[in-house]
Amino acid sequence: QVQLVESGGGLVQPGGSLRLSCAASGFTFSNYAMSWYRQAPGKERELVAYITNTGGSTNYADSVKGRFTISRDNGKNTVYLQMNSLKPEDTAVYYCCAAYYSIYWGQGTQVTVSS
């Protein structure tokens, strides 16, 4: 069955870094564009970063440009989100999403930025 399993979340101080991973299975990963979304308490889910199926193109929310980097390894069926210079406003549950003819979501991983 289709699975997207996020990992790498946790508690980090402002200015710190985290690397999220999302391991995919049950579908042809290399056909799918991948995205990271986040949802903070009381807010709508928002797109954070996007990468095409080949990894040739990426896009970012203005709030994370220059701080976050999305990448993928099609040989490992995994997409990553490197998050640097984290701010308290980055606190949220982070979800990975696969999109092609179908859309799949992971279960989310909590990221908390606090001193």
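About the thresholds
- Residues numbered from 1 in each chain as written.
- Predicted model: local features only at pLDDT ≥ 70, side-chain atom pairs only at ≥ 80, totals over all residues.
- Heavy atoms only, no water.
- Core = buried A, V, L, I, M, F, W, Y, C linked by side-chain atoms within 4.5 Å.
- Buried < 20%, exposed > 50% of the residue type's maximum accessible area, 1.4 Å probe, protein only.
- Helix = DSSP H or I, 4+ residues; strand = E, 2+ residues; numbered from the N terminus.
- Disulfide = S-S within 2.5 Å.
- Phe/Tyr/Trp six-rings, centres within 6.5 Å; stacked < 30°, edge-to-face > 60°.
- Lys NZ or Arg CZ within 6 Å of the ring centre and 35° of its normal.
- Pairing = 2+ DSSP bridges.
- Axes fitted to C-alpha atoms, helices over the stretch in contact; angles between N-to-C directions.
- Salt bridge = Lys/Arg side-chain N within 4 Å of Asp/Glu carboxyl O.

Student: Is there a simple way to explain the nonpolar core in this structure?
Tutor: The tendency in soluble globular proteins is for nonpolar side chains to be buried side by side. By size, the foremost hydrophobic cluster in this structure holds 30 residues, and its most contacted members are Met-34, Trp-36, Val-79, Leu-81, Met-83 and Tyr-94. Elements with a minimum of two residues in this core: β3 (18-25), β4 (33-39), β5 (46-51), β7 (68-73), β8 (78-83), β9 (92-99) and β11 (109-113).

Student: So what exactly am I meant to see when it comes to the state of the cysteines here?
Tutor: A covalent bond between the sulfur atoms of two cysteines is what we call a disulfide. The full count for this structure, using the stated rule, is one disulfide. Not engaged in a disulfide, the cysteine Cys-97 finds its nearest cysteine sulfur in Cys-96; these two sulfurs lie 7.8 Å apart. Its relative accessible area of 5% is what places Cys-97 among the buried residues.

Student: I'm lost on the packing of aromatic side chains in this one. Help?
Tutor: Each pair of aromatic rings is reported with the distance of its centres and the angle of its planes. One pass over the full model with this rule turns up seven aromatic pairs. Put simply, the rings of Phe-27, Phe-29, Tyr-32, Tyr-100, Tyr-101 and Tyr-104 touch in pairs and so form one group of aromatic residues. A cation sits over an aromatic face here: Arg-45 above Tyr-95, 3.8 Å from the ring centre.

Student: Where do I start with the sheet that holds β3 in this structure?
Tutor: Within a sheet, neighbouring strands are paired by backbone hydrogen bonds and run either parallel or antiparallel to one another. Taken in spatial order, the four strands of this open sheet run β1-β3-β8-β7, and their pairing is antiparallel. Because the sheet does not close on itself, it has two edges, and the strands there are β1 (3-7) and β7. On average, adjacent strands in this sheet sit at an angle of 15° to one another, irrespective of strand direction. The pairing of β7 with β8 spans six bridges and is classified as antiparallel. What sits directly across from Thr-69, in β8, is Gln-82.

Student: Is there a simple way to explain the pattern of salt bridges in this structure?
Tutor: As a working rule, side chains carrying opposite charge can pair if their charged atoms are close by. All told, the structure shown has four salt bridges when counted by the stated rule. For Glu-46, the salt bridge goes to Arg-38, with nearest N and O atoms at 2.7 Å. Overall, the relative accessible area of 6% leaves Arg-38 in the buried class. Arg-38 serves as the salt-bridge partner of Asp-90, at 2.9 Å between the closest nitrogen and oxygen. With Asp-90 in the loop between β8 and β9 and Arg-38 in strand β4, the pair connects residues that are 52 residues apart, well separated along the chain. Accessibility expressed as a relative area gives 0% for Asp-90, which makes it buried. Counted as one network, the salt bridges with shared partners bring together Arg-38, Glu-46, Arg-67 and Asp-90.

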